[in-house]
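Secondary and tertiary structure notes
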Amino acid sequence: MTDHPSLPPGIRACLFDLDGVLTSTAVVHAAAWKEVFDKVLAGREGQKPFDKVADYDAYVDGLPRAEGVRSFLESRGIHLPDGDEDDPPDAETVNGIGNRKNEIVLKLFKDKGIDAYPGSVRFVKAVKAAGLRRAVVSSSANCQAALQAAGIEDLFEERVDGVTARQDHLAGKPHPDTFLAAARALGVEPGQAAVFEDALAGMEAGRAGHFGHVVGVNRTGQADALREHGADVVVDDLAELLEPRS
Ligand SMILES: O=P(O)(O)OC[C@H]1O[C@@H](O)[C@H](O)[C@@H](O)[C@@H]1O
């Protein structure tokens with residue numbers, strides 16, 4: 001018996017988000033965001049602390065780093081200058097806050113290590129065995145290091161991430177541009193590609209890009225929200241999409 005991926009006919013490529021889909025790093029990002037945002041909020045009257053699930057899912061998850069800072073602060077009516085990319089981590093600017101968060105997340109990755117979800121690894125291996133093309137599409141500038149640390153970099157033929165998107169001037173999620181670039185790199189039309197995402201911003205990107213199939217991966221009990229934002233199907237684990245074949 002071998003695992004076979006259950007996907008609609010005509011799908012020739014799979015485009016996987018990283019944090020929360022392939023690796024269990026979404027919660028690590030959320031913890032780092034909480035640490036930096038709570039310091040910003042503590043100095044401001046009437047602000048409740050950052051909620052690692054509700055605020056993260058609604059305003060930060062899936063967005064490129066600086067967009068996540070802007071989006072969350074905006075939700076609280078806080079407007080800070082962008083500053084410069086190399087702002088020090090103690091600068092009260094969008095970039096300063098993003099740089100501070102990156103220091104924290106890198107330390108957490110180093111201390112705790114990075115794990116791939118076993119069900120996702122099984123699914124990607126089955127996709128490969130079935131002859132489908134595979135790419136990782138992540139907003140994270142730490143994507144390649146995370147893939148390496150999790151030991152899964154070799155399973156993918158293409159990678160579009162926070163570093164390459166910036167180099168190629170691609171708009172980040174919720175825009176579809178990074179997913180479209182990955183489909184192009186794999187030589188398939190959007191309608192021939194399936195998108196796998198846990199973030200609402202990623203669902204919107206999948207819908208906006210008119211991809212052939214959009215799979216919502218529900219890690220935080222937001223199945224309904226994933227559907228509302230564009231999921232064709234919602235699973236708790238990618239292994240649910242495997243069928244045994246002899
Ligand atoms: O700060 P990084 O590693 O470039 O990541 C940017 C974003 O990448 C996304 O994949 C995560 O969902 C977000 O939480 C994260 O903020």
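Above this text you will find the structure in question.
Residues numbered from 1 in each chain as written. Predicted model: local features only at pLDDT ≥ 70, side-chain atom pairs only at ≥ 80, totals over all residues. Heavy atoms only, no water.

What follows concerns the side chain of Asp-87. Mapped onto the elements of the fold, Asp-87 is located in the loop between α3 (65-75) and α4 (94-112). No salt bridge forms around the buried Asp-87; measuring N to O, its nearest opposite-charge neighbour Arg-100 is 9.0 Å away. At 2.7 Å, the side chain of Asp-87 and the side chain of Thr-93 are in polar contact. Other than its neighbours up to four places away in sequence, Asp-87 contacts Asp-82, Thr-93, Asn-95, Gly-96 and Asn-99. (Helix = DSSP H or I, 4+ residues; strand = E, 2+ residues; numbered from the N terminus. Buried < 20%, exposed > 50% of the residue type's maximum accessible area, 1.4 Å probe, protein only. Lys, Arg positive; Asp, Glu negative; His and termini not counted. Salt bridge = Lys/Arg side-chain N within 4 Å of Asp/Glu carboxyl O. Polar contact = N/O pair within 3.5 Å; in protein donor to acceptor, adjacent residues only side chain to side chain. Contact = heavy atoms within 4.5 Å.)

The next point concerns the packing of helix α1 (residues 26-42) against α3. At a minimum axis separation of 12 Å, α1 and α3 run at an interaxial angle of 40 degrees. Accordingly, the angle class assigned to the pair α1 and α3 is oblique. Helix-helix and strand crossings are classified by hand; for α1 and α3 the assignment is right-handed. Contacts between α1 and α3 involve Trp-33, Phe-37, Val-40 and Leu-41 from the former and Arg-65, Gly-68, Val-69, Phe-72 and Leu-73 from the latter. By residue class, the composition of the contact of α1 with α3 is seven nonpolar, one polar and one charged. (Axes fitted to C-alpha atoms, helices over the stretch in contact; angles between N-to-C directions. Parallel < 35°, antiparallel > 145°, perpendicular 65-115°, else oblique. Left-handed = near helix turned anticlockwise from the far one by under 90°. Nonpolar A, V, L, I, M, F, W, Y, C, P; charged D, E, K, R; others polar.)

With that settled, consider the pairing of strand β3 (residues 133-137). Of all five residues making up β3, four are buried, and the element is well covered by its neighbours. For strand β2 (residues 13-16) and β3, the ladder comprises four bridges, and the chain directions are parallel. Looking at the pairing, Ala-13 lines up with Arg-133 of β3. In the sheet, β3 pairs with strand β4 (residues 158-160) via three bridges, with the strands oriented parallel. The residue of β4 that forms the bridge with Val-136 is Arg-159. (Pairing = 2+ DSSP bridges.)

Below, the discussion takes up the nonpolar core. Membership of the largest hydrophobic core comes to 53 residues, with the highest contact counts inside it found for Phe-16, Leu-22, Phe-196 and Leu-238. At nine residues, the largest contribution of residues to this core is made by α1. When residues of this core are assigned to domains, at least three fall in each of domain 1 (2-25 + 115-245) and domain 2 (27-112). Excluding residues within four positions of it along the chain, Phe-196 makes contact with Leu-7, Cys-14, Leu-15, Phe-16, Asp-17, Val-21, Phe-123, Val-215, Leu-238 and Leu-241. Formed by 15 residues, the second largest nonpolar core is a distinct cluster that contains Val-137, Val-160, Phe-179 and Val-195. (Core = buried A, V, L, I, M, F, W, Y, C linked by side-chain atoms within 4.5 Å. Domains from an automatic or database assignment.)

Here we come to the environment of Arg-122. Of note, Arg-122 is situated in helix α5 (residues 118-129). Each C-alpha atom of the pair Arg-122 and Leu-180 lies 25 Å from the other, and the pair is 58 residues apart in sequence. Setting aside its immediate chain neighbours within four residues, Arg-122 contacts Asp-3, Ala-239 and Leu-242. Within the local environment of Arg-122, its side chain forms a polar contact with the side chain of Asp-3, the two groups lying 2.9 Å apart.

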